[in-house]
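# Structural characterization, general
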Amino acid sequence: MNKQGKLRIGSSWRDTNEHMEVRNPANGERIGHIAQATEADAQAAVDAAYQAFSKWSALPANERSTLLLKWHALIAEHREELAEIMTLEQGKPLQEAAGEIDYANSFIQWYAEEGKRVYGETIPASSANKRIWVTKQPVGVAALITPWNFPASMITRKAAPALAAGCTVVIKPSEETPFTALRLAELAEEAGIPAGVINIVTGVPGEIGGVWQRDARVRKLSFTGSTRIGKELMKGAADTMKKLSLELGGHAPFIVTEHADLRKAVDGMIASKFRNGGQTCVCTNRIYVHESVADRFVQLAADKVAELKVGNGLDEETDIGPLINAAAVDKVLAQIEDARSKGARVLVGGERVTDLGNGHFVQPTLLADVTDDMVCMSEETFGPLAPVTTFRTIDEAIERANGSPYGLAAYVFTEQISEAVQIAERLEFGIIGLNDPLPSTAQAPFGGFKESGVGREGGRYGIEEYLEVKYISLGL
Ligand SMILES: NC(=O)C1=CN([C@@H]2O[C@H](COP(=O)(O)OP(=O)(O)OC[C@H]3O[C@@H](n4cnc5c(N)ncnc54)[C@H](O)[C@@H]3O)[C@@H](O)[C@H]2O)C=CC1
Ligand SMILES: O=C(O)[C@H](O)CS(=O)(=O)O
């Protein structure tokens, strides 16, 4: 494949003098190249979005909804093509990629409807000669910056509510996985979404982000990615007081109490830990098992982890694809080595995969006898590493789980409802999976406490991020 990505600015697909290569993480082969935008290109994208805003925001919500549903239909029609593009550039198994296309599309469907329910309110005034109205209106041009791990759903989880609210957008996808976003933009154009409503700019992140940060016409910044970059963007947004949505890093605890159904808990851990090769911000990162059931849990888990097949995502037998790049592999191997040097037992895996050509592969790994001083118990792994430690009391498990600067997702497996509720209420995390390893869904609020971010995406909360509240007081 030799894809050539161009910039989507206004009604044009614009090439540039400079280009950036995109490679397949499964074999290192060149997939193609993308345009490397200049600062003028990044500025032109804001110009186009700003110019399109007045007309797009003035459309009745049901007309925006109709156009979003046409986009939804085209994405569904091109599901397999989009999934293959995603697997080639990101590496996840084809079936997971297709599942992500469905997940991405569910946000478009949800917000096509939600946009028609942006309600205001009237409030009883404190004097007879006044009336109080509250209305909501779109914030304006929104800048959306997205990561490589979910190349489709991180675009639509932002763009769908933004467009439904009446905003126009400038999008910078990850330079590692740009082709999924560019194909989505082509389908949006085919659906009849007007030029300038969706603009896509690829290139050097800091240069593009810098232009958008400095431009006061950009009223909203929605970012998904690392906490480090999120903090930088938060500081930069202050100069023009942009509204912010930050979906940042996570370090999810997975608690298995003595009352858990262990087979259910092991299956849940496998699903939460190894989805996308462990490269999700809500993946289980540390596993706390009550000491009375730990040996049995570890035995069952070892059998399941050993069955996971590593390979090219295009191979239908593959469970675990490549990590996104060589640095990601080095980070996981370093965490394994650190744990091993501090006394952890490697029950399964633990090594780089060397018989799969030039891909970035790590064996799915299960560690036992893990202690809290090991790096994997405090730093986000973003790879197929499952460290298991034990606890004696629920209070201890909750204290250790909460002892993190992150607060995105946490999981609890127990068959005792009262125990489940008490633990869930005490955990300091924005998303809690109770016997559920995969809570993410379009209708529910996704987001974290503490350094995992600001704001929520999904559900009725997600569209509020793209609206301003206006209070009108009428004197009679
Ligand atoms: N909370 C959430 O929903 C998610 C959080 N993440 C976190 O992100 C990390 C992995 O994703 P990455 O893509 O490596 O994160 P990253 O933060 O390096 O990059 C994310 C996006 O930001 C862009 N970017 C990087 N530096 C920038 C700058 N100075 N100005 C403007 N844009 C810039 C990148 O090009 C990419 O498009 C992990 O820490 C993971 O936990 C990733 C996905 C979802
Ligand atoms: O970027 C991510 O890791 C996603 O937000 C995780 S999910 O929404 O697919 O669960």
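Quick summary incoming for the structure in this document. (Residues numbered from 1 in each chain as written. Chains lettered and ligands numbered in written order. Predicted model: local features only at pLDDT ≥ 70, side-chain atom pairs only at ≥ 80, totals over all residues. Heavy atoms only, no water.)

Turning our eyes to something else, we now look at the site of ligand 1. Around ligand 1 lies a shell of 28 residues, among which Thr146, Gly225, Ser226, Leu248 and Glu380 are the nearest. In this structure, Lys172 approaches ligand 1 through a side-chain N or O atom, which is 2.8 Å from an oxygen atom. One of the backbone nitrogen or oxygen atoms of Glu247 is found 3.2 Å away from a nitrogen atom of ligand 1. Burial of ligand 1 by the protein amounts to 87% of the accessible area it has alone, namely 830 Å². (Near = heavy atom within 4 Å. Polar contact = N/O pair within 3.5 Å; in protein donor to acceptor, adjacent residues only side chain to side chain. Areas by Shrake-Rupley, 256 points an atom, 1.4 Å probe, with all protein chains shown as cover.)

Right, let's get into the packing of aromatic side chains. Scanning all chains against the criterion turns up 4 aromatic pairs. Considering the side-chain rings of Tyr103 and Phe107, the 5.0 Å spacing of their centres and the 70° angle between planes classify their relative orientation as edge-to-face. A residue pair is termed a helical-turn pair when its members lie 3 or 4 positions apart in one helix, as Tyr103 and Phe107 do in helix α4 (residues 94–114) at 4 residues. An identical accessibility class is assigned to Tyr103 and Phe107; each is buried. A centroid spacing of 6.1 Å and a plane angle of 35° characterise the contact between Phe254 and Tyr411, whose relative ring orientation is tilted. Residue Phe254 is located in strand β13 (residues 252–256), and its partner Tyr411 is located in strand β19 (residues 409–413); the two are separated by 157 residues in the primary sequence. (Phe/Tyr/Trp six-rings, centres within 6.5 Å; stacked < 30°, edge-to-face > 60°. Helix = DSSP H or I, 4+ residues; strand = E, 2+ residues; numbered from the N terminus. Buried < 20%, exposed > 50% of the residue type's maximum accessible area, 1.4 Å probe, protein only.)

Right, let's talk about the sheet that holds strand β15 (residues 345–348) for a bit. In space, the 7 strands of this open sheet follow the order β15-β16-β17-β14-β13-β19-β20, with mixed pairing throughout. Of all strands in the sheet, those bounded by a partner on one side alone are β15 and β20 (431–434). Along the sheet, successive strands turn relative to each other by an average axial angle of 25°, direction set aside. Summarising the sheet, β15 and strand β16 (residues 365–368) pair through 3 bridges and their orientation is antiparallel. When the sheet's bridge partners are listed, Val348 is paired in β16 with Leu366. Contacting β13, β14 (284–290), β15, β16 and β17 (385–391), helix α10 (residues 294–307) runs over the sheet at an angle of about 165° to β16. With respect to the sheet, helix α11 (residues 326–341) is in contact with β15, β16 and β17, its orientation differing from that of β17 by roughly 35°. (Pairing = 2+ DSSP bridges. Axes fitted to C-alpha atoms, helices over the stretch in contact; angles between N-to-C directions. Contact = heavy atoms within 4.5 Å.)

If you check the shell around ligand 2, you find Tyr103, Asn149, Phe150, Met154, Arg157, Arg275, Thr280, Cys281, Val282, Ser440 and Phe446 and nothing else. Tyr103 is positioned with one of its side-chain polar atoms (N or O) 2.7 Å from an oxygen atom of ligand 2. Between ligand 2 and the protein, one listed contact pairs an oxygen atom with a side-chain N or O atom of Ser440 at 2.5 Å. Considered on its own, ligand 2 offers 300 Å² of accessible surface; in the complex 99% of this is hidden by protein. Counting atoms within 2 Å of the grid points, the majority share of ligand 2 lands in the largest pocket. Residue composition of the shell around ligand 2, grouped by class: 6 nonpolar, 3 polar and 2 charged. (1 Å grid on protein atoms, 1.4 Å probe; cavity = no way out; pocket = protein on both sides within 12 Å on 5 of 7 lines; lining within 4 Å. Sits in = over half its atoms within 2 Å of the grid points. Nonpolar A, V, L, I, M, F, W, Y, C, P; charged D, E, K, R; others polar.)

Another point: unusual backbone geometry. Despite not being glycine, Met241 has its phi angle at roughly 50°, a positive value. The residue Met241 is located in the loop between α8 (227–237) and β12 (243–247) in this model. Taking relative accessible area as the criterion, Met241 reaches 63% and is therefore assigned exposed. For Phe382, which is not a glycine, the phi torsion comes out positive at approximately 55°. Inspection of the secondary structure puts Phe382 in the loop between β16 and β17.

For the largest pocket, the calculated volume is near 1,100 Å³. At the level of secondary structure, the elements contributing two or more residues to the lining of the largest pocket comprise α5 (153–165), α7 (205–214), β11 (218–224), α8 and α11. In terms of residue class, the lining of the largest pocket is made up of 19 nonpolar, 17 polar and 11 charged. Taken as a whole, the second largest pocket encloses approximately 600 Å³ of empty space. As for the second largest pocket, its lining consists of 26 residues, of which Pro93, Gln95, Glu96, Arg275 and Asp319 are closest to the centre. Element by element, the count of residues in the lining of the second largest pocket is highest for α4, at 6 residues. Considering only residue class, the lining of the second largest pocket consists of 12 nonpolar, 5 polar and 9 charged. (Points joined across faces, edges and corners; volume = space filled by probe spheres on them.)

This part covers the pattern of salt bridges. Tallied over the entire structure, the rule returns 34 salt bridges. Linking Asp102 and Arg79 is a salt bridge whose minimum nitrogen-to-oxygen distance equals 2.7 Å. Here Arg79 lies in helix α3 (residues 79–90) and Asp102 lies in helix α4, a separation of 23 residues in the sequence. Here Asp102 falls in the partly exposed class, since its relative accessible area comes to 37%. Classification of Arg79 as partly exposed rests on a relative accessible area of 25%. (Salt bridge = Lys/Arg side-chain N within 4 Å of Asp/Glu carboxyl O.)

For the rest of this paragraph, the subject is the environment of His360. Of note, His360 is situated in the loop between β15 and β16. Separated by 37 residues in the primary sequence, His360 and Leu323 place their C-alpha atoms 5.4 Å from one another. What His360 contacts, discounting residues up to four positions off in sequence, is Pro25, Pro322, Leu323, Ile324, Asn325, Ala326 and Val329.

As enumerated under the stated definition, the model contains 3 cavities of 30 Å³ or more in all. When its volume is computed, the largest cavity comes out at roughly 50 Å³. Element by element, the count of residues in the lining of the largest cavity is highest for helix α6 (residues 179–191), at 3 residues. In terms of residue class, the lining of the largest cavity is made up of 7 nonpolar, 1 polar and 2 charged.

The subject of this paragraph is the packing of helix α2 (residues 61–77) against α6. At a minimum axis distance of 8 Å, the contact between α2 and α6 shows a crossing angle of 130°. Between α2 and α6, the angle is such that the two are oblique. As α2 packs across α6, the resulting crossing turns out to be right-handed. Together, Leu67, Lys70, Trp71, Leu74 and Ile75 of α2 and Leu184, Leu187, Ala188, Glu190 and Ala191 of α6 make up the contact between the two elements. Each residue belonging to the contact of α2 with α6 can be placed in one class, and the counts come to 8 nonpolar, no polar and 2 charged. (Parallel < 35°, antiparallel > 145°, perpendicular 65-115°, else oblique. Left-handed = near helix turned anticlockwise from the far one by under 90°.)

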